[in-house]
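# Coordinate analysis (summary)
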Amino acid sequence: MDKQQAIVFLFAHCAYYSNVSLLDRCLNNEPGCSEFVQSMSSQDVNSNSLMLQWGSQADAMFEFGPHPKVHSSLYNFFSTDDFAQPWYDIARRLYCDGCPALEPPRHPEAVVPNLVHYIWFDTSWEMTFLQMVAVSSALQVLHPDHVLVHSNVQPTGPHWTYLVTRYRDRITWHLLPKFLKVWQIELNPSIPHANSDIARLHVLRKYGGIYLDSDLIVLKSHEPFRHYDAVIGPAYPYTADNLQNSHVLFSRDSKFLDAYLQSYKAYDGSFLFNPVILPMRLYRKHPHLIRVEKLINFCPQREAAHMLFSNQLDAVVREQLQRAYSIEFSGVMENQGSKFLVATPEFGFHLLNEDTVFGAILRLAINGSQLTI
């Protein structure tokens, strides 16, 4: 039996015997999985007949659902882009064609409040041009009932003045003290975003709504997502190992949000474990509690960033941009120099007339113009 057959054999074995512990070890790259594959690879057995036999049993289990954890683990593993294509094709053909997708229910009415939240912690905050564009895009594209800007300091500067003047009754600053602890565990002071990671979960638990990082420009309506209790997306580069927390939607009653907050009882002070790795593990265990939208956030890398300041998009970047619901612009600005971070409103509005993709995105963000690329 070759390694490819051994991998498929592994999933059949896990499904047939409901061997959740072995499957979990494989999904989390823990010891035990590779040893099983290696041992099976060295055996001379008629793998095809066994796989078909176990596969039919697995299908029956999935249909009647007595082992939802096995079903959800298999389904999510088979639906990841990073699974080697030959194994993906064989495994999915044997076990997942026709299997019911274990997905969260879509409510007939919107359950996520039409509120947008931003969070910023610092000793002072003079809002940048990019942040103004980001907030304006949320107001223009999402048409929220209100935008709540939560911070331990009041925003200042011409960009903030522009927003509160233009959208005076639709945007409010809320004083929010810095979070220094989670579940009585002190946050790592060397990780600046740790305070915001905790704060956004508590804000969403209190109000519900849409949380956006202040460097995300919204491109599309989120109305379809508001019918789910929770929506999140993978972190770049869109692997099966993590989920981002820069662009999320939660209802106040989201059970996934409860589990997310509870997971911080295992806070380890590292850069990525709690904010992006643990959410993926929670999703693998509870896929029926949250919808994962792959391109909820598009993070252009260096080559793509340069394309945005022209009209020369390649096919891949164009497709990603057309499918994305938001675009992360901090990296784009860094590649184009600091002038965008310190730009005045007058300079920014001058860019509205540029015949570039960035100019078109600005026109969407500031004026609500249709984005055509």
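Look up: the structure comes first, before these words.
To keep things clear, this report deals only with the structure shown in the data block.

The rules behind these values
Residues numbered from 1 in each chain as written. Predicted model: local features only at pLDDT ≥ 70, side-chain atom pairs only at ≥ 80, totals over all residues. Heavy atoms only, no water. 1 Å grid on protein atoms, 1.4 Å probe; cavity = no way out; pocket = protein on both sides within 12 Å on 5 of 7 lines; lining within 4 Å. Points joined across faces, edges and corners; volume = space filled by probe spheres on them. Helix = DSSP H or I, 4+ residues; strand = E, 2+ residues; numbered from the N terminus. Core = buried A, V, L, I, M, F, W, Y, C linked by side-chain atoms within 4.5 Å. Buried < 20%, exposed > 50% of the residue type's maximum accessible area, 1.4 Å probe, protein only. Contact = heavy atoms within 4.5 Å. Axes fitted to C-alpha atoms, helices over the stretch in contact; angles between N-to-C directions. Parallel < 35°, antiparallel > 145°, perpendicular 65-115°, else oblique. Left-handed = near helix turned anticlockwise from the far one by under 90°. Phe/Tyr/Trp six-rings, centres within 6.5 Å; stacked < 30°, edge-to-face > 60°. Pairing = 2+ DSSP bridges. Nonpolar A, V, L, I, M, F, W, Y, C, P; charged D, E, K, R; others polar. Polar contact = N/O pair within 3.5 Å; in protein donor to acceptor, adjacent residues only side chain to side chain.

## Some details on empty space enclosed by the protein
Counting across every chain of the model gives two cavities of 30 Å³ or more. There is about 50 Å³ of room inside the largest cavity. Contributing to the lining of the largest cavity are Ile191, His193, Ala194, Asp197, Tyr264, Tyr267, Ser270, Phe271 and Pro275. When residues in the lining of the largest cavity are grouped by element, the largest group, three residues, is from helix H9 (residues 193-207). The space that makes up the second largest cavity amounts to roughly 30 Å³.

## Focus on the nonpolar core
Counting residues in hydrophobic clusters, the biggest one holds 55 residues, and the most contacted among them are Leu212 and Ile327. The leading source of residues in this core is helix H7 (residues 129-142), at nine residues. If we ignore the near neighbours within four places in the chain, the residues touching isoleucine 327 are Asp215, Leu216, Ile217, Leu219, Asn297, Phe298, Pro300, Leu308, Leu321 and Ile361. Listed in part, the 29 residues of the second largest apolar core include Ile119, Leu201, Met280 and Ile290.

## Description of the packing of H7 against helix H8 (residues 158-166)
Two numbers describe how H7 lies on H8: the axes approach to 9 Å, and their chain directions differ by 20 degrees. When the interaxial angle is binned, H7 and H8 end up roughly parallel. The way H7 lies across H8 gives a crossing that is right-handed. Residues Phe129, Met132, Val135, Ser136 and Gln140 of H7 lie in contact with H8, whose contacting residues are His159, Tyr162, Leu163 and Arg166.

## Quick word on the packing of aromatic side chains
Taken as a whole and assessed by the stated rule, the structure comprises seven aromatic pairs. Aromatic side chains phenylalanine 225 and tyrosine 325 sit 4.7 Å apart centroid to centroid with 55 degrees between the ring planes, which places their arrangement in the tilted category. Remark: tyrosine 325 occurs in the loop between helix H13 (315-323) and strand E11 (326-328) and phenylalanine 225 occurs in the loop between strand E7 (216-218) and strand E8 (230-232); sequence separation between them is 100 residues. There is no split in this pair, since phenylalanine 225 and tyrosine 325 are both buried. Ring geometry for phenylalanine 250 and phenylalanine 256: centres 6.5 Å apart, planes at 15 degrees, overall stacked. Ring pairing ties together the aromatic residues Phe250, Phe256, Tyr260, Tyr264 and Tyr267, which thus form one cluster.

## Some remarks on the environment of alanine 134
Looking at where alanine 134 falls in the secondary structure, it is placed in helix H7. In this structure, the C-alpha to C-alpha distance between alanine 134 and leucine 216, residues 82 residues apart in sequence, is 5.6 Å.

## A closer look at the sheet that holds E8
In space, the seven strands of this open sheet follow the order E3-E2-E1-E6-E9-E8-E10, with mixed pairing throughout. Each of the sheet's edge strands pairs with one partner strand only, and the pair in question is strand E3 (171-175) and strand E10 (291-292). Bridge count between strand E6 (residues 209-212) and strand E9 (residues 247-250): four bridges; the pairing is antiparallel. Across the sheet, glycine 209 pairs through a bridge with phenylalanine 250, a residue of E9.

## What to know about the packing of H9 against helix H10 (residues 255-263)
Direction vectors running N to C along H9 and H10 enclose 145 degrees, while the axes themselves pass 10 Å from each other. As for how H9 packs across H10, the hand of that crossing is left-handed. Taken together, the residues of H10 that come into contact with H9 (itself represented by Leu201, His202, Leu204 and Arg205) are Leu257, Asp258, Tyr260 and Leu261. In terms of residue class, the contact of H9 with H10 is built from five nonpolar, one polar and two charged.

## Comments concerning the environment of asparagine 274
Tracing the backbone through its elements, the reader meets asparagine 274 in helix H11 (residues 273-285). Each C-alpha atom, one on asparagine 274 and one on tyrosine 260, is 8.9 Å from the other, the two residues being 14 residues apart in sequence. Not counting residues within four places of it along the chain, the set of residues in contact with asparagine 274 comprises Tyr260, Ser263, Tyr264, Ala266, Tyr267, Asp268, Gly269 and Pro279. Engagement of the side chain of asparagine 274 in a polar contact is seen with the backbone nitrogen of aspartate 268, the distance being 3.2 Å.

## Considering the pairing of E6
Examined bridge by bridge, strand E1 (residues 115-120) and E6 share two bridges and lie parallel to one another. For valine 116, the partnering residue across the bridge sits in E6 and is isoleucine 210.

## Overview of the side chain of histidine 222
Along the chain, the position of histidine 222 falls in the loop between E7 and E8. Residue histidine 222 is classed as buried on the basis of its relative accessible area of 2%. Reaching out from histidine 222, the side chain makes a polar contact with the side chain of histidine 247 at a distance of 2.7 Å. Setting aside residues no more than four positions away along its own chain, histidine 222 makes contact with Leu142, Ile210, His247, Leu249 and Tyr325.

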